[in-house]
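# Analysis of the macromolecular model
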Amino acid sequence: MLQIEIDNGSGFCFGVTTAIKKAEEELATGQTLYCLGDIVHNGMECERLRQMGLVTINHEELEQLHDVKVLLRAHGEPPETYELARRNNIEIIDATCPVVLQLQKRIKKQFDANPDAQIVIFGKQGHAEVLGLVGQTQGKAIVIESFDEVVKLDYTRDIFLYSQTTKSLDEFHRIIEYIQQHISSDATFRSFDTICRSVANRMPNISQFAARHDLILFVCGRKSSNGKVLFSECKRVNDNTHLIEGPEEIERSWLDGIKTVGICGATSTPKWLMEQCRDAILGVNP
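Residues numbered from 1 in each chain as written. Predicted model: local features only at pLDDT ≥ 70, side-chain atom pairs only at ≥ 80, totals over all residues. Heavy atoms only, no water.

## Some points on the overall build of the protein
- Looking only at helices and strands, the protein has 11 helices and 12 strands in total.
- Relative to the compact-globule value of 19 Å for 286 residues, the protein shows a C-alpha radius of gyration of 21 Å, a close match.
- Principal axes of the C-alpha set define a box for the protein whose edges measure 65 × 55 × 25 Å.
- Considering the protein as a whole, with its 286 residues, one finds that 52% of them fall into the buried category.
- The contacts of the protein with a sequence gap of at least 6 include a subset with a gap of at least 24, amounting to 71%.
- Accessible area for the protein stands at about 13,800 Å²; split by element, carbon and sulfur atoms hold 48% of it.
- Of the charged side chains in the protein, 31 are positive and 40 negative, and the gap between their average positions amounts to 3 Å. (Helix = DSSP H or I, 4+ residues; strand = E, 2+ residues; numbered from the N terminus. Rg over C-alpha atoms; globule rule 2.2 N^0.38 Å. Buried < 20%, exposed > 50% of the residue type's maximum accessible area, 1.4 Å probe, protein only. Contact = heavy atoms within 4.5 Å. Areas by Shrake-Rupley, 256 points an atom, 1.4 Å probe, with all protein chains shown as cover. Lys, Arg positive; Asp, Glu negative; His and termini not counted. Charge placed at Lys NZ, Arg CZ, Asp CG, Glu CD.)

Here is the structure:
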């Protein structure tokens, strides 16, 4: 008989849970609520909230709005967004994750103290969180997406290294070691481990989970940075791992000869979606 286990450690992180709760509370009042960007990198959860009345907008559309309520998601925003909201009399419902907010403050403080130094952010170019972090430095921070890009730094100048909260801890440490080996003796280098532990701690747990099952279904929106990291770890441990966005992507052939299925996901994956995937499998294997 086929056994299916949903990973208890998967599902929304604290920041995403708080943002969605704030959205639901505002929508319950019956007033129009806008959200700047997808509230979470999961299409099905975004659609659920859209049906409740949440209107997702981009930055260009924000400029045209006046006298409305706009929710800022967990990823955070640069200072320019708050200034625009003030000018247009927009009420901000700020759901920026506390971990991200603290990181923004640290980067701004460092930049204000030493604007000529290289503020380096290990993160995904163009990601909402990273844009908010770069915004604390008047756009001067250097973003490196991977270890391979660390060579482009100027090792004769001071370097202050930070990380997007959902990046790989192992790769971050590789970057630190490389900079330590190449930094000039006349320059200062300091690194700050700003990776969210609610994300980083999922790595060893999800590795153990992936190793326990014949088949792993990793449920995740394909835009999720955190999802890509966790999926890669599952795939490394268990080659029979498939990334799916929802139950409709499950292929029956994957279940041939399988005795145990593990279902897990990213910090942007709702529990109800993983449960739908479980139910879909049970439906084709009564």
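## Here we look at the side chain of Thr-269
- Mapped onto the elements, Thr-269 comes out in the loop between strand S12 (260-265) and helix H11 (271-284).
- Beyond its immediate stretch of four places on either side in the chain, Thr-269 contacts Gly-11, Phe-12, Asn-42, Val-219, Cys-220 and Met-274.

## Description of the packing of helix H9 (residues 202-211) against helix H10 (residues 225-237)
- Between H9 and H10, the shortest axis-to-axis distance is 9 Å and the interhelical angle comes to 40°. One way to sum up the angle between H9 and H10 is to call them oblique. Remark: the crossing between H9 and H10 carries right-handed chirality. Contacts between H9 and H10 involve Arg-202, Met-203, Ile-206, Ser-207, Ala-210 and Ala-211 on the former and, on the latter, Val-229, Leu-230, Glu-233, Cys-234, Arg-236 and Val-237.
- Per-class residue counts for the contact of H9 with H10 are 8 nonpolar, 1 polar and 3 charged. (Axes fitted to C-alpha atoms, helices over the stretch in contact; angles between N-to-C directions. Parallel < 35°, antiparallel > 145°, perpendicular 65-115°, else oblique. Left-handed = near helix turned anticlockwise from the far one by under 90°. Nonpolar A, V, L, I, M, F, W, Y, C, P; charged D, E, K, R; others polar.)

## Description of the side chain of His-213
- Following the sequence through the fold, His-213 ends up in the loop between H9 and strand S10 (215-219).
- For His-213, a relative accessible area of 10% puts it in the buried group.
- Beyond its immediate chain neighbours, meaning those up to four positions away, His-213 contacts Glu-5, Asn-238, Thr-260, Val-261 and Gly-262.

## Some points on the sheet that holds strand S5 (residues 91-94)
- Pairing within the open sheet is parallel, and its 4 strands lie in the order S3-S2-S4-S5. The open sheet has two free edges, formed respectively by strand S3 (54-57) and S5, since each of these has just one partner strand. Neighbour to neighbour, the strand axes of the sheet diverge by 35° on average, direction disregarded.
- When strand S4 (residues 69-72) meets S5, the two strands line up parallel, connected through 4 bridges. (Pairing = 2+ DSSP bridges.)

Purely geometric numbers; function is a separate question.
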